[in-house]
Amino acid sequence: MFLEAIRKAISEEFFVDESEITEASRLKEDLGIDSLASMQLILDMEQKFNIHVEDEEVMEIETVADVIALLEKKTKEEA
Amino acid sequence: MEHRVVITGMGAVSPIGGNVKEIWQNCKAGFCGIAPFQNPESDDIPVSLVGEVDNRIPEEKLEKRDIRFASRATSFARIAAKEALADANLSEGTFDPERMGVMISSSIGGGEVLDKGISNNQIGPFFVPGSAVHSPSAMVAMDAGAHGINLAPVSACAGGANAIGEAYLRIRFGMEDVMIAGGADSALSRNVIKGFAAMRALYTGDDVSRSSIPFDAERRGFVPGEGAAVLVLESLEHALQRGAHIYAEIAGYGYSNDANHQTAPREDGRYAAIAMKRAMQDANISPDRITHINAHGTGTRLNDQAECLAIKEAFGEDYRKPYVTSIKSMTGHMLSASAALEAVVSVKTLEEGFIVPTIHLKSQDEKCDVNLVQNEGIAVKTDYVMSNSFGFGGFNAVLIFTKK
């Protein structure tokens, strides 16, 4: 579920083909998502899943798998 | 040691074309880029006619992801700068990136980025950098890999000319070798148009032929426009050393401030005249050497009259000798980008010996009795060309160009 949501957001916001986005994708190196763009991605996820991500948590994200793990943790915490 | 400063590259995007060649052809032909608004943000825009850049231009020339969070001004600046840099043919190893600076002025920045973020209640991480007035200058430096000075000089609609003038001074006094300078703006965001309309500064009718009519007795205000224009400037030695094509030389730069009113020009044009005189002093020429004045000519009642009085004051009894034109009759008012585009057109005028017309002129205001090039361009050998740019807030900037 989270991978699909991330794929959709990245393709809609940054025009990356969904097929290029896997769990192993590195945001910056593979998908061209720099620090500002990753904050936009997290903002989209916060709104979609009604969660709040701390600043420090955003800084630690490097791969799509990291975002998925973060979303899993946050949705559990806030459930 | 002082350096002579030359122009070796030019790029532009405007309501009358997406590159310098196209814009120049359209200027020569007297083509009007003012038309009904194609892509308004909402249906409550208080004007029907605008000078709009065709959306296909950024879509063709930039990546979608670069456009998405950027202001239109930034996208236009990047397109114009890419054209100017390619035109200057600054290949790797022929210049020092640490001695290449950027000065791209913008007066509004990303009004539409602010509008969109606020009205959708979506204030994301691109809201500030996307809307910032410095964004065009920052992004152009990034594209060019220019590590020297970067400033976005802000002086309303004189901005593009101040950017070129200040860049010229940097090179002249040896502080940089190369400068990428110009202006980029969009006056077409919903709230910016509303603000200008509330000032009663805009033409609000729907007759293209009576819309942007500088110096005409029936003029009622300016037509909001958008675009960008960028020049590559370098020292003469630097250009010669790398075998660059030299379009023209910047012969003089003059400036002043009315210190008079937030928006209205000083009615007698006194300080605009001082800017023109300073530019001529800087170029070390007398007024009779100026063949042509590319006027600010916005089509507002106050500007055009004050500008003509300023020309009278600066040129004395020979004030009807220089041929005067305003390309805003074709482009509308691209704010700081107009000042830079008018520099580009001035350089093309010198290069081709052809002065483009002020179109849609029906009856010249008797209070604006300068020697207007009316409705059709004329072939004239030009010696020195003066480009005037003034801005709300009393900013006055004047550039003089000549053949090298």
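In this text, all values refer to a predicted model and were calculated from it rather than measured experimentally. (Residues numbered from 1 in each chain as written. Chains lettered and ligands numbered in written order. Predicted model: local features only at pLDDT ≥ 70, side-chain atom pairs only at ≥ 80, totals over all residues. Heavy atoms only, no water.)

### Thoughts on the nonpolar core
Residue and element names in this part refer to chain B.
Working step 1: Ranked by internal contacts, the top residues of the largest apolar core, which has 51 residues, are Ile7, Cys27, Ile164, Leu233 and Leu341.
Working step 2: Listed by contribution, the elements that provide at least two residues to this core are β1 (5-13), α1 (20-29), α8 (159-172), β6 (178-186), β7 (226-235), β8 (248-257), α14 (336-352) and β15 (395-402).
Working step 3: If one sorts the elements of this core by residue count, α14 sits on top with nine residues.
Working step 4: Two domains each put at least three residues into this core: domain 1 (5-241) and domain 2 (249-402).
Working step 5: Beyond its immediate stretch of four places on either side in the chain, isoleucine 164 contacts Ala181, Gly182, Leu231, Leu233, Ile250, Ala340, Ala343 and Leu399.
Working step 6: Of all hydrophobic cores here, the second largest spans 29 residues; its members include Met276, Ala279, Ile311 and Val398. (Core = buried A, V, L, I, M, F, W, Y, C linked by side-chain atoms within 4.5 Å. Buried < 20%, exposed > 50% of the residue type's maximum accessible area, 1.4 Å probe, protein only. Helix = DSSP H or I, 4+ residues; strand = E, 2+ residues; numbered from the N terminus. Domains from an automatic or database assignment. Contact = heavy atoms within 4.5 Å.)

### Quick word on helix α5 (residues 111-119) of chain B
Residues and elements named next belong to chain B.
Working step 1: Those residues of α5 not exposed but buried are Gly111, Glu112, Val113, Asp115 and Gly117.
Working step 2: Against the buried residues of α5 lie α4 (72-88), α6 (127-131), β6 and α9 (190-198).
Working step 3: Positioned one or two residues after α5, asparagine 121 has a phi angle of 50 degrees, which is positive.

### Re the domain arrangement of chain B
All names here are of chain B.
Working step 1: Here the domain parsing of chain B yields domain 1 (5-241) and domain 2 (249-402).
Working step 2: Its C-alpha centre places domain 1 at a distance of 20 Å from the equivalent point of domain 2.
Working step 3: In this assembly, domain 1 packs against domain 2 so that about 5,100 Å² is buried in total across both faces, 69% of it on carbon and sulfur atoms.
Working step 4: Considering only the side of domain 1, the residues that lose the most area to domain 2 are Trp24, Phe215 and Arg219, jointly responsible for 19% of the buried surface there.
Working step 5: On the surface where domain 1 and domain 2 come into contact, there are four salt bridges.
Working step 6: Here arginine 172 makes a salt bridge to aspartate 282, at a shortest N to O gap of 2.8 Å.
Working step 7: For the pair domain 1 and domain 2, the interface holds 26 residue pairs in polar contact (both at pLDDT 80 or more).
Working step 8: Those elements giving two or more residues to the side of domain 1 that touches domain 2 turn out to be β1, α1, α8, β6 and β7.
Working step 9: Looking at side-chain class alone, the side of domain 1 that touches domain 2 contains 41 nonpolar, 20 polar and ten charged residues. (Buried area = accessible area lost by both parts, 1.4 Å probe. Salt bridge = Lys/Arg side-chain N within 4 Å of Asp/Glu carboxyl O. Polar contact = N/O pair within 3.5 Å; in protein donor to acceptor, adjacent residues only side chain to side chain. Nonpolar A, V, L, I, M, F, W, Y, C, P; charged D, E, K, R; others polar.)

### A word on the packing of helix α3 (residues 35-49) of chain A against helix α5 (residues 64-77) of chain A
Residues and elements named next belong to chain A.
Working step 1: As a packed pair, α3 and α5 sit with axes 12 Å apart at the nearest point and diverge in direction by 30 degrees. One element, α3, and the other, α5, form an angle in the roughly parallel class. Handedness of the α3/α5 crossing: right-handed. Facing α3, whose interface residues are Leu41, Ile42, Met45 and Phe49, α5 presents Val67, Leu70, Leu71 and Thr75.
Working step 2: Tallied by class, the residues present in the contact of α3 with α5 amount to seven nonpolar, one polar and no charged. (Axes fitted to C-alpha atoms, helices over the stretch in contact; angles between N-to-C directions. Parallel < 35°, antiparallel > 145°, perpendicular 65-115°, else oblique. Left-handed = near helix turned anticlockwise from the far one by under 90°.)

### Points about the sheet that holds β8(B)
All names here are of chain B.
Working step 1: Strand order across the open sheet formed by eleven strands is β5-β4-β6-β7-β1-β8-β15-β14-β9-β10-β12, with mixed pairing between neighbours. With partners counted over all chains shown, the strands left at the sheet margins are β5 (150-151) and β12 (371-372), one partner each.
Working step 2: One ladder, built from two bridges, connects strand β4 (residues 100-105) with β5; its direction is parallel. The residue of β5 that forms the bridge with valine 102 is asparagine 150.
Working step 3: Contacts from helix α11 (residues 270-283) reach β8, β9 (290-294), β14 (384-391) and β15, with the element oriented near 145 degrees to β8.
Working step 4: Contacting β9, β10 (323-325) and β14, helix α12 (residues 301-315) crosses the sheet at an angle of about 135 degrees to β14. (Pairing = 2+ DSSP bridges.)

### A few points about the interface of chain B and chain A
Working step 1: Opposite the ten residues of chain B that make contact, chain A presents 14 residues.
Working step 2: Approximately 1,000 Å² of surface area, both sides summed, lies buried where chain B meets chain A, with 60% of it carried by carbon and sulfur atoms.
Working step 3: Contact with chain A buries area across many residues of chain B, yet B:Arg65, B:Arg68 and B:Pro125 alone supply 52% of it, more than any other trio.
Working step 4: Remark: the boundary between chain B and chain A carries one salt bridge.
Working step 5: There are four residue pairs in polar contact (both at pLDDT 80 or more) connecting chain B and chain A.
Working step 6: Broken down by element, the residue count for the side of chain B that touches chain A peaks at three residues, all from helix α3 (residues 64-68) of chain B.
Working step 7: Of the residues assigned to the side of chain B that touches chain A, the class counts are five nonpolar, two polar and three charged.

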